[in-house]
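# Analysis of the macromolecular model
One letter stands for each residue in the lines below.
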Amino acid sequence: FVDVGGPGRHQDLLLTSVWPGWPLLRHVLRATRRPAEALHSSILPLRVDGEARLVTARIEAAGEVAAGLAGLHAAVATGGVRITVAAAPLARADDRPLLELALGRRLSPAEGEALRFDPANAGAGLPPIGLLGLRDAAYAGSSRGRAEAAER
């Protein structure tokens, strides 16, 4: 979320598809070919209103969405795709909505390449809890590697 906390204050969320239902399954990765039908979770907790929470997201489309990312991209291109972002206590599935996003145009390849994901970006006030440890170094190294590759 670009500039969500003011100029230069971005919020990055790393979400993956998980098993819905029993709350502890929201910490377990689930492969899916239908991202529009899956529950997505931060898996690791973030601080929301001063408490440890899982952040979840559900994709809602106006019509049928074909399997895979190509199907989701086609649905976004025709409009009517929304994402509801919510937060829930770590051991309960009572999600509390935080925001709803309406997806617009797809970024150009240059715009996409300019993005630098970093889970430490918490401009909306949703910082990850605990030490990211080696992940901090991995994200920094990945960002440096992309910049170096772009210069070649």
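Residues numbered from 1 in each chain as written. Predicted model: local features only at pLDDT ≥ 70, side-chain atom pairs only at ≥ 80, totals over all residues. Heavy atoms only, no water.

### A word on the environment of serine 41
Relative to the elements of secondary structure, serine 41 occurs in strand β2 (residues 39-41). Residue classification places serine 41 among the buried positions, given a relative accessible area of 0%. Side-chain polar atoms of serine 41 contact the backbone oxygen of arginine 26, separated by 3.0 Å. Within polar-contact distance, the side chain of serine 41 engages the backbone nitrogen of isoleucine 43 at 3.0 Å. (Helix = DSSP H or I, 4+ residues; strand = E, 2+ residues; numbered from the N terminus. Buried < 20%, exposed > 50% of the residue type's maximum accessible area, 1.4 Å probe, protein only. Polar contact = N/O pair within 3.5 Å; in protein donor to acceptor, adjacent residues only side chain to side chain.)

### Describing unusual backbone geometry
For isoleucine 43, which is not glycine, the phi torsion reads 60° and is therefore positive. Relative to the helices and strands, isoleucine 43 resides in the loop between β2 and β3 (46-48). Given the relative accessible area of 17%, isoleucine 43 is considered buried. Notably, aspartate 49 is not glycine yet its phi reads approximately 50°, a positive angle. When you line up the elements, aspartate 49 lands in the loop between β3 and β4 (51-61). Judged by relative accessible area, which is 63%, aspartate 49 ranks as exposed.

### A closer look at the confidence of the model for the protein
Averaged over the protein, the pLDDT score is 82; the fraction of residues at 70 or greater is 95%. The least confident element of the protein, judged by mean pLDDT, is helix α3 (residues 134-151) at 72; the most confident is strand β1 (residues 16-18) at 91. (pLDDT = per-residue confidence, 0-100.)

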